[in-house]
Amino acid sequence: MTQNNPQPNVDQPAGKALARGTLCLRLGVLVSAALLAACTSTPLPPWPKQPAATAARPPPSARVVPPPLGSTRDQRDQDGVQTAPVADSPLSPRSIDEPQSAGDLPYGPAVAARFPAPDVRYDTPGLEPGRRAFSTNAEVTGWLNSIATSTRRPTLTEVLTIGTSQRGVPMHALVITQASGTDAAALDKSQRPTVMLIGQQHGNEPAGAEALMVLARELSQGLLEPILQRINVVIVPRANPDGADAGQRVTANGIDMNRDHLLLRTPEAQALAKLVSLYRPLAVIDSHEYTVAGRFLQKFNAVQRYDALLQHATSANEPEFVTKASTQWYLEPMRKALGEQRLSADWYSTTSTNPNDLSLSMGGVQPDTGRNVNGLKNTVSLLVETRGVGIGRNDIQRRVHTQVTAIGSALHTTAERASELQQVRSFVNREISSKACRGQVVIDAAQTPEKREVIMLDPNTGADVARQVDWNSSLTLRTVKSRTRPCGYWLSAQSSEAVARLEMLGVQVMRVAEAGNVLADTYTENSRQTMDRPDVRGIAADAAPIVRVSVTPTRASIDVPEGSYYIPLNQPLANLAVAALEPDSQSSYFANHVIDDLDSVARIMVVPSLVFSDSD
């Protein structure tokens with residue numbers, strides 16, 4: 001059976017665009033229909049700088065409690081903000097914190113004095129006074145299950161088992177909504193945007209998990225519950241349970257899972273990819289912690305001074321309007337919310353492990369981190385890093401308070417901008433789909449070297465110290481390599497592993513049902529070298545060296561056998577397919593041994609007249 005108009009629905013998950021079974025598709029009609037739909041779509045209106053009109057907001061009685069969440073209850077009542085009685089809230093208005101362990105700190109008491117305890121105490125299992133360890137994996141699970149069994153309508157909650165870590169620990173997500181159900185279809189039907197919150201991808205960065213446990217309780221039955229009239233929330237408090245258990249950054253097999261979101265070699269990254277593809281969040285907030293002293297003390301004789309370091313997605317081919325939404329709608333109010341709580345913030349930056357390298361680099365531009373991969377899924381994707389690595393439990397209440405304040409601001413923004421964010425998503429999906437077969441696409445990009453004055457702290461006196469540094473900016477990218485954007489990519493029948501990973505990411509893949517012939521650019525190899533995969537820290541924690549290859553695209557007519565694959569670029573996740581399949585970039589599937597042969601991939605340069613079936 002043939003279908004004459006198999007245009008993928010760009011407002012539905014890319015992997016669900018085709019019905020399951022042996023439905024045959026004529027791709028020529030598919031591409032032309034998608035292009036027509038994109039070109040005739042309503043353009044995005046002028047970019048608004050102020051919040052949406054009052055009429056579009058929820059009434060005052062239903063308004064979300066604005067950040068900061070962590071003021072004392074008495075103060076909130078005096079300010080006239082509506083609060084909800086919570087019998088068993090993780091928040092209590094005690095102005096105390098764990099005592100500083102001066103002998104464990106890499107700086108003097110004057111620096112510690114710069115970071116006083118907040119005016120609220122957060123209570124999770126891992127934050128109990130006298131605890132030496134943060135919440136265990138079992139305690140995180142118990143916390144989520146307790147929420148799920150105690151929530152009352154109209155709020156619904158469900159604990160999902162989204163995967164299993166390498167050491168057999170279940171990974172859990174909590175869905176919190178006032179839709180008709182907690183499944184992805186019900187959330188989609190609610191027409192409310194979904195926010196996904198992810199914590200502790202790095203096991204030695206605990207504040208994110210503790211903060212997300214607090215937020216899960218407050219969203220389900222506390223001060224933030226009214227926000228659910230406008231949004232849905234999916235929370236993964238601990239994405240790396242093995243690393244958390246061991247107190248180490250990486251997963252059990254030594255891979256930095258936050259560099260694994262395109263390659264998907266770890267079950268932990270695969271679980272997150274499937275969850276994102278299923279629930280299609282409009283915003284993803286990734287909670288981390290950064291090194292306070294360490295290399296900064298060694299290189300600059302100073303320590304980091306900011307409560308929070310922030311960054312949005314910054315890889316090549318990120319949609320312009322998503323970047324605008326990230327900076328103007330999310331990061332600007334987030335900085336304001338933090339400032340109102342006397343919490344400092346700056347752009348995220350780090351320094352490499354090379355002791356002679358005195359530069360600072362913003363978060364990387366490679367399409368491998370969760371921040372950048374989710375950005376290529378046309379999602380507002382933000383990094384929130386608090387000062388935590390290397391200082392143990394010190395300042396933990398302030399670190400959690402910073403996470404709660406920043407993420408609370410992001411939730412508030414999503415609720416206030418719900419309709420505008422949905423409009424941006426629809427526009428961007430159509431715009432990207434319309435670019436197939438035309439224009440240029442960036443294959444490789446790099447940060448822009450700049451000079452910047454960075455404020456740090458003197459480790460002894462606690463005074464501000466200005467350092468003029470070489471600064472590698474991710475806000476403006478330099479194009480290293482670009483090519484004509486193809487209509488799609490062909491993969492050999494032996495590329496099933498690459499296909500499986502693309503589909504986990506939500507990329508639409510089609511299988512050739514009848515052999516044919518197409519005009520394509522194949523890759524002629526010029527040279528290759530084997531090397532470790534670099535990142536802004538130096539070398540990415542990884543399982544194997546990569547292959548860096550120099551290639552020249554060569555135009556040819558190629559035979560396309562039955563059983564091989566086609567990835568069309570007239571789909572919303574086209575830029576993610578480019579990141580995976582152009583072989584001469586360091587994050588590509590070829591460079592990282594997911595595709596072993598250059599002859600297994602080709603760039604299709606005209607709309608092919610072929611018969612396809614679903615890749616299953």
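The shown structure was predicted, so the numbers you read here are calculated from the model rather than taken from an experiment.

Some details on the pattern of salt bridges
Two side chains bearing opposite charge may form a pair once their charged atoms approach each other closely.
Logical step 1: Scanning the model with the defined rule gives 28 salt bridges in all.
Logical step 2: Of the charged contacts in the structure, one is a salt bridge between Asp535 and Arg259, with a shortest N-O distance of 3.0 Å. With Asp535 in strand β19 (residues 534-535) and Arg259 in the loop between α7 (241-246) and α8 (267-279), the pair connects residues that are 276 residues apart, well separated along the chain.
Logical step 3: What makes Arg259 buried here is its relative accessible area of 9%.
Logical step 4: Taken together, the shared-partner salt bridges connect Lys481, Arg483, Asp521, Arg555, Glu582, Asp584 and Arg603 into one network.

Section: the sheet that holds strand β7 (residues 194-199)
Logical step 1: Taken in spatial order, the eight strands of this open sheet run β5-β6-β8-β7-β9-β13-β10-β11, and their pairing is mixed. Two strands bound the open sheet, and with one partner strand each, they are β5 (156-164) and β11 (345-347). Averaged over all neighbouring strand pairs, the angle between strand axes comes to 25°, with direction disregarded.
Logical step 2: As paired elements, strand β6 (residues 170-177) and strand β8 (residues 232-236) share three bridges and run antiparallel to each other. Paired with Ile176 across the two strands is Val233, which belongs to β8.

Topic: the pairing of β6
Logical step 1: Most of β6 is tucked away, with seven of its eight residues classed as buried.
Logical step 2: Relative to β6, β5 runs antiparallel, the two sharing eight bridges. Of the residues in β6, the one forming a bridge with Thr157 is Ile176.

Brief notes about the layout of surface pockets
Logical step 1: Quantified by volume, the second largest pocket comes out at close to 600 Å³.
Logical step 2: Surrounding the second largest pocket, 37 residues form its lining, Arg259, Gly364, Asp535, Val536 and Arg537 being those nearest its centre.
Logical step 3: Listing elements by their share of the lining of the second largest pocket, those giving two or more residues are β9 (283-291), α9 (295-300), β13 (380-389), β14 (440-457) and β19.
Logical step 4: Looking at the lining of the second largest pocket residue by residue, the classes come out as eleven nonpolar, 14 polar and twelve charged.

Comments concerning the nonpolar core
Proteins that are soluble and globular tend to have nonpolar side chains buried together.
Logical step 1: Grouped together as the largest cluster of nonpolar side chains are 107 residues, with contacts concentrated most on Leu491 and Tyr589.
Logical step 2: Contact partners of Tyr589, with chain neighbours within four places excluded, come to Leu262, Leu263, Ala498, Arg501, Leu502, Leu505, Ala580, Leu581, Val594 and Ile595.
Logical step 3: The next biggest cluster of nonpolar side chains, apart from the first, holds 20 residues, and it includes Leu160, Ala184, Val236 and Tyr279.

Comments concerning the packing of helix α6 (residues 207-221) against helix α12 (residues 396-416)
Logical step 1: Following both chains from N to C, one finds α6 and α12 inclined at 55°, their axes separated by 9 Å at the closest point. Regarding the angle of α6 to α12, the classification is oblique. In the crossing of α6 with α12, the sense of the turn from one axis to the other is right-handed. When α6 is examined against α12, the residues Ala207, Gly208, Glu210, Ala211, Leu212, Val214, Leu215 and Leu219 are found in contact with a partner set consisting of Ile396, Arg399, Val400, Gln403, Val404, Ile407 and Leu411.

Some words on the packing of helix α4 (residues 137-150) against α6
Logical step 1: Put simply, α4 and α6 touch, their axes get as near as 10 Å, and they point 5° apart. Comparing their axes, α6 and α4 come out roughly parallel. Residues Glu139, Val140, Trp143, Ser146, Ile147 and Ser150 of α4 form the contact with α6, whose own contacting residues are Met213, Ala216, Arg217, Ser220 and Gln221.
Logical step 2: Counted by class, the contact of α4 with α6 contains five nonpolar, four polar and two charged residues.

Observations regarding the confidence of the model for the protein chain
Interpreting fine coordinate detail is not advised for predicted regions of low pLDDT.
Logical step 1: Here the protein chain averages 86 in pLDDT, while 83% of its residues score no lower than 70.
Logical step 2: For the stretch residues 1-42, pLDDT sits under 50, and the model shows 85 contacts to residues farther than four places along the chain or on other chains.
Logical step 3: Across residues 50-100 the pLDDT falls below 50, and counting only partners more than four positions away or on other chains, this stretch makes 114 contacts in the model.

Quick look at the packing of aromatic side chains
We describe a pair of aromatic rings using the distance from one ring centre to the other and the angle between the two ring planes.
Logical step 1: Across all of its chains, the model carries three aromatic pairs by this definition.
Logical step 2: Seen in terms of ring centroids, Phe321 and Phe427 are 5.2 Å apart; in terms of plane orientation they differ by 80°. Their pairing is edge-to-face. Taken together, the positions of Phe321 in helix α10 (residues 320-340) and Phe427 in helix α13 (residues 418-434) put the pair 106 residues apart, joining distant regions of the chain. Each member of the pair, Phe321 together with Phe427, is buried.
Logical step 3: Taking 5.4 Å as the distance between ring centres and 35° as the angle between the ring planes, the aromatic pair formed by Tyr566 and Phe612 counts as tilted. Linking Tyr566 in strand β22 (residues 565-568) with Phe612 in strand β24 (residues 611-614), this pair joins segments that are 46 residues apart in sequence.

Criteria and cut-off values
Residues numbered from 1 in each chain as written. Predicted model: local features only at pLDDT ≥ 70, side-chain atom pairs only at ≥ 80, totals over all residues. Heavy atoms only, no water. Salt bridge = Lys/Arg side-chain N within 4 Å of Asp/Glu carboxyl O. Helix = DSSP H or I, 4+ residues; strand = E, 2+ residues; numbered from the N terminus. Buried < 20%, exposed > 50% of the residue type's maximum accessible area, 1.4 Å probe, protein only. Pairing = 2+ DSSP bridges. Axes fitted to C-alpha atoms, helices over the stretch in contact; angles between N-to-C directions. 1 Å grid on protein atoms, 1.4 Å probe; cavity = no way out; pocket = protein on both sides within 12 Å on 5 of 7 lines; lining within 4 Å. Points joined across faces, edges and corners; volume = space filled by probe spheres on them. Nonpolar A, V, L, I, M, F, W, Y, C, P; charged D, E, K, R; others polar. Core = buried A, V, L, I, M, F, W, Y, C linked by side-chain atoms within 4.5 Å. Contact = heavy atoms within 4.5 Å. Parallel < 35°, antiparallel > 145°, perpendicular 65-115°, else oblique. Left-handed = near helix turned anticlockwise from the far one by under 90°. pLDDT = per-residue confidence, 0-100. Phe/Tyr/Trp six-rings, centres within 6.5 Å; stacked < 30°, edge-to-face > 60°.

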